[in-house]
2 protein chains.
Amino acid sequence: MKGALYVTDVAAFSFDKLVIFGVGLIGGSLARALRERNGTEGARTVIGVGRSSASTERALELGVIDGSAALNDDASLREALSGADFVLLAAPVAQTQPLLERIAPFLDPATIVTDAGSTKSDVVAAARAALGARISQFVPGHPIAGREASGVEAALPELYVGRNVVLCPLPESAPATVERVAAMWRATGALVRDMAPEQHDRVFASVSHLPHLLSFALVEQILNSPDAALKFSFAAGGFRDFTRIAASSPEMWRDVCVANRVALLDELDAYTAVLAGLRAAIEAADGAALETVFARSRVARTEWQEQRAGGVANGDASK
Amino acid sequence: MKGALYVTDVAAFSFDKLVIFGVGLIGGSLARALRERNGTEGARTVIGVGRSSASTERALELGVIDGSAALNDDASLREALSGADFVLLAAPVAQTQPLLERIAPFLDPATIVTDAGSTKSDVVAAARAALGARISQFVPGHPIAGREASGVEAALPELYVGRNVVLCPLPESAPATVERVAAMWRATGALVRDMAPEQHDRVFASVSHLPHLLSFALVEQILNSPDAALKFSFAAGGFRDFTRIAASSPEMWRDVCVANRVALLDELDAYTAVLAGLRAAIEAADGAALETVFARSRVARTEWQEQRAGGVANGDASK
């Protein structure tokens, strides 16, 4: 897949300094994509800031970043943020407000701040609370590009090629500011789409957050049963795929579920209603009703797969 | 994986005639395994019987079977079953009783009948109703080896290597009869395990039937929503894996849900209770409660994957 979907006629994206808070899979892949896929123009210093120095040291060793700063050191943070074109927040969403509050005193008026959080309404509220009138510097974003692996070792320059990146511009966002963020992501090979934060949260509650919750719940249910070991010993390929996402980060998904609880509960309640209908059909041994639903689902799932395979968003897919 | 896990010190399994009702993935793979993996001893005629002549003709063309018989032709069926060592039923489970009723008048007293159905209590009841006192000729079985693909074209001689095959011997089953069926499956490279039918149905309701139902339900829920197209357009890798099994056969899963409805409803109700607990935690923004469940699930899912990778049941996995 490497390079195949890279949009070569996008203007090279130039910047002087990018500061990434959280140099893991998402932040590290952005850094690598901009450095390795984006021509040779411009200065391009990438500074990493992490919760621990271990992660930024590893990123330095791997050449993913040029320098690092310490979050709890005012002088270090001030130097890192001075003259930055961009700040990317790539940490669990509950850290958005404390991070922005920490950054705000050192933020240049010309610096554009964006994020990579899986939820957006809460991120917007956190940004408004932390940035006040400087909210116009913030463009909420969400690259749809998780992987099984995490950490800076898993970062890939091709991670975003053909993937969707959702931006949720605010009323205060200047078009030129949004366009700069969009250009940054397009330079990685991503497809940039925009949505309102509420719409974003409803869509991802449905196609991402709910499946994660349902998958965690199935493993939990089996663990709770008296014959758990026997059940696991006979679990096969259907279980394997259904529960792959139950191996995801508990911290990240805790934050997502809490941050997006309004939309997630709506989707969960709608899902529970569908299940109740299927339960009634099973209890009544109403095979025709079951087959109707199963056949409709199969057609939709098969068409989705075909469209996906035919589109640009194929390959190793995101969470 | 080919051959790597084949238990070479198992005595070659010899038979004169095997009659398979339903020469698709499961029946065709048994035929191919016994013919291609099982040494060169013995006569080994395999006769296929299908709902349509198209499927048996294709199986003949592919060399999977040596001959075919027509289900609705007494003379053809009598000839097929005459002198058969084994009969395998490999059709959707709701067809078990009509098939056995059709077969019974032509069944030699020495013929052993087994099946490959995904549910077992209903199959036992159907077999008792159809076979009466000849129930001692019947050994219920379930090879855990579905694949995405179906049909005789998808049949593989290696399909059962390292896979579990569950047998559910009845009180009437003579040990030598059960052992003959076990030897047949072991000759394909499978691991033969035995369980009571009720236990089988409870285990597979949990690790197979419920996940299929939940996966179909998620696609159905999205289809029911007003912004279905938008949601599908942002669905990514988590959705892909969670819903892979929603592309499964509606007819097969209709039959499974109805046949195993008692155990499936028990599992569904237990699952719904787990979901209700998670719902309450989300509504209360109780991140600690969510993280506890998610972390426990992740550990269990990760250990399951590791044990599976370390065991013999790896490779392209079953449904």
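Residues numbered from 1 in each chain as written. Chains lettered and ligands numbered in written order. Predicted model: local features only at pLDDT ≥ 70, side-chain atom pairs only at ≥ 80, totals over all residues. Heavy atoms only, no water.

*Asks:* Just checking my understanding: could you explain the nonpolar core for this structure?
*Replies:* Ranked by internal contacts, the top residues of the largest apolar core, which has 84 residues, are A:Phe294 and B:Phe294. With residues near it in sequence (within four places) discarded, A:Phe294 still touches A:Leu278, B:Leu213, B:Phe216, B:Pro250, B:Trp253, B:Arg254 and B:Cys257. (Core = buried A, V, L, I, M, F, W, Y, C linked by side-chain atoms within 4.5 Å. Buried < 20%, exposed > 50% of the residue type's maximum accessible area, 1.4 Å probe, protein only. Contact = heavy atoms within 4.5 Å.)

*Asks:* Please clarify how the environment of A:Arg134 should be interpreted in this entry.
*Replies:* Residue and element names in this part refer to chain A. Of note, Arg134 is situated in the loop between helix 5 (121-131) and strand 6 (138-139). The exposure class of Arg134 is partly exposed, given its relative accessible area of 28%. In sequence terms Arg134 and Pro109 are 25 residues apart; their C-alpha atoms lie 8.0 Å from each other. Those residues in contact with Arg134 that lie beyond four places of it in its chain are Ala104, Leu107, Asp108 and Pro109. (Helix = DSSP H or I, 4+ residues; strand = E, 2+ residues; numbered from the N terminus.)

*Asks:* How should I be thinking about the interface of chain A and chain B in this particular structure?
*Replies:* Size of an interface: often given as the accessible area lost when the parts come together. Chain A puts 86 residues into the contact, and the matching count from chain B is 86 residues. Interface area, chain A with chain B, both sides summed: about 8,100 Å², of which 68% is carbon and sulfur. Of all residues in chain A, A:Phe234, A:Phe294 and A:Arg301 bury the most surface against chain B, accounting for 10% of the area lost on that side. Remark: the boundary between chain A and chain B carries 12 salt bridges. As a salt-bridge pair, A:Glu291 and B:Arg254 come within 2.7 Å of each other at their nearest N and O atoms. At the surface where chain A touches chain B, the tally comes to 30 residue pairs in polar contact (both at pLDDT 80 or more). For the side of chain A that touches chain B, the secondary-structure elements that each account for two or more residues are strand 8 (164-167), helix 7 (197-224), helix 8 (228-234), helix 9 (237-242), helix 10 (250-259), helix 11 (261-283) and helix 12 (287-310) of chain A. The residue inventory of the side of chain A that touches chain B, partitioned by class, reads 47 nonpolar, 18 polar and 21 charged. (Buried area = accessible area lost by both parts, 1.4 Å probe. Salt bridge = Lys/Arg side-chain N within 4 Å of Asp/Glu carboxyl O. Polar contact = N/O pair within 3.5 Å; in protein donor to acceptor, adjacent residues only side chain to side chain. Nonpolar A, V, L, I, M, F, W, Y, C, P; charged D, E, K, R; others polar.)

*Asks:* Help me understand the pairing of strand 4 (residues 86-89) of chain A in this model?
*Replies:* One face of the sheet, then the other: side chains in a regular strand alternate in exactly this way. All names here are of chain A. Along strand 4, one buried face is formed by Phe86 and Leu88 and the opposite face, lined by Val87 and Leu89, is buried too. Where strand 4 meets strand 5 (residues 112-115), 4 bridges bridge the pair, whose relative direction is parallel. Residue Leu88 lies in a different strand from strand 5, and its bridge partner there is Thr114. In this region the chain leaves strand 4, passes through helix 4 (residues 96-103) and returns to the parallel neighbour strand 5; the handedness of that crossover is right-handed. (Pairing = 2+ DSSP bridges. Right-handed = clockwise from strand over helix to strand, strands pointing away.)

*Asks:* Just checking my understanding: could you explain the domain arrangement of chain A for this structure?
*Replies:* All names here are of chain A. Each assigned domain of chain A is listed here: domain 1 (17-195) and domain 2 (200-283). Centre-to-centre, using C-alpha coordinates, domain 1 lies 30 Å away from domain 2. Listed by partner, the interface residues are 16 residues for domain 1 and 12 residues for domain 2. Interface of domain 1 and domain 2: buried area, both sides summed, is about 1,100 Å²; carbon and sulfur atoms make up 62% of it. Viewed at the interface, domain 2 and domain 1 are joined by 0 salt bridges. Between the two partners, domain 1 and domain 2, sit 5 residue pairs in polar contact (both at pLDDT 80 or more). Of the residues in the side of domain 1 that touches domain 2, the class split is 7 nonpolar, 5 polar and 4 charged. (Domains from an automatic or database assignment.)

*Asks:* In this structure, what is going on with the confidence of the model for chain A? I would like to understand it.
*Replies:* Low-pLDDT portions of the prediction should not be read for the details of their coordinates. Residues and elements named next belong to chain A. For chain A, mean pLDDT is 90; residues scoring 70 or higher make up 91% of the total. In the predicted structure, residues 1-9 sits below a pLDDT of 50 and forms 15 contacts with residues beyond four places in sequence or in another chain. Low confidence marks residues 312-319, where pLDDT is under 50. Its contacts with residues over four positions away, or in another chain, come to 35 contacts. (pLDDT = per-residue confidence, 0-100.)

*Asks:* What should I look at first to understand helix 1 (residues 25-36) of chain B in this one?
*Replies:* Turn by turn, an α-helix covers 3.6 residues, leaving residues three or four places apart pointing in a common direction. Residue and element names in this part refer to chain B. Counted at 1.5 Å a residue, the expected span for helix 1 with its 12 residues is 16 Å, and the 16 Å between its end C-alpha atoms agrees. Of all 12 residues in helix 1, 9 are buried; the element is thus mostly enclosed. When we look at burial in helix 1, the residues that qualify are Leu25, Ile26, Gly27, Gly28, Ser29, Leu30, Ala31, Ala33 and Leu34. Tucked into the core, helix 1 has its buried residues touching strand 1 (17-21), strand 2 (45-50), strand 4 (86-89), strand 7 (141-143) and helix 6 (175-186). (Expected span 1.5 Å × (residues − 1).)

*Asks:* Is there a simple way to think about the relation of the copies chain A and chain B in this case?
*Replies:* Relating one copy of the chain to the other takes a rotation about an axis and a shift parallel to that axis. For these two chains of identical sequence, chain A goes onto chain B by a turn of 180° and a shift of 0.0 Å along the axis, with RMSD 0.0 Å. This pairing of chains is accounted for by a two-fold axis. The C-alpha atom lying nearest the rotation axis in chain A is that of A:Phe242; the distance is 2.1 Å. (Least-squares fit on C-alpha atoms with pLDDT ≥ 70 in both.)

*Asks:* Mind showing me how you'd approach the sheet that holds strand 5 (residues 112-115) of chain B here?
*Replies:* Two orientations exist for strands paired in a sheet by backbone hydrogen bonds: parallel and antiparallel. All names here are of chain B. Strand order in this open sheet of 6 strands is 3-2-1-4-5-6, and the pairing throughout is parallel. The open sheet has two free edges, formed respectively by strand 3 (67-70) and strand 6 (138-139), since each of these has just one partner strand. Both strand 1 and strand 2 contribute to a ladder of 5 bridges, which runs parallel. Residue Phe21 lies in a different strand from strand 2, and its bridge partner there is Val49. Helix-sheet contacts for helix 1 involve strand 1, strand 2 and strand 4, and the interaxial angle to strand 1 is about 160°. Running over the sheet, helix 2 (residues 53-61) touches strand 2 and strand 3 and is turned about 155° from strand 2. (Axes fitted to C-alpha atoms, helices over the stretch in contact; angles between N-to-C directions.)

*Asks:* What should I look at first to understand the environment of A:Arg261 in this one?
*Replies:* Note that A:Arg261 resides in helix 11. Relative accessible area serves as the criterion here: at 32%, A:Arg261 is assigned to the partly exposed category. Separated by 41 residues in the primary sequence, A:Arg261 and A:Glu220 have C-alpha atoms spaced 20 Å apart. Excluding residues that lie within four positions of it along the chain, A:Arg261 makes contacts with B:Ile282, B:Glu283 and B:Ala285.

*Asks:* I keep staring at the sheet that holds strand 7 (residues 141-143) of chain A and nothing clicks. Help me out?
*Replies:* All names here are of chain A. Spatially, 7-8-9 is the arrangement adopted by the 3 strands of the open sheet, whose pairing is mixed. Every other strand in the sheet has two partners, leaving strand 7 and strand 9 (191-194) as the edge strands with one partner each. Here the average twist between neighbouring strands, direction ignored, is 20°. Judged from the 3 bridges that link them, strand 7 and strand 8 form a sheet pairing that is antiparallel. Its bridge partner lying in strand 8, His142 is registered against Val166.

*Asks:* Please explain the pattern of salt bridges as it appears in this structure.
*Replies:* Note on pairing: side chains with opposite charge can pair once their charged atoms come close. Scanning the model with the defined rule gives 39 salt bridges over all chains in all. The closest approach of N and O atoms between B:Lys231 and A:Glu267, which form a salt bridge, is 3.3 Å. Linking B:Lys231 in helix 8 (residues 228-234) with A:Glu267 in helix 11, this pair reaches from one chain into another. Given the relative accessible area of 3%, B:Lys231 is considered buried. The class of A:Glu267 is buried, set by a relative accessible area of 7%. Between B:Arg279 and A:Asp269 there is a salt bridge, and its shortest N-O distance comes to 2.7 Å. Here the residue B:Arg279 occupies a position in helix 11 (residues 261-283), and A:Asp269 occupies one in helix 11, the pair thus bridging two chains. Assessed through its relative accessible area of 22%, B:Arg279 is described here as partly exposed. A residue is classified by how much of its surface remains accessible, and A:Asp269, at 32% relative accessible area, is partly exposed.

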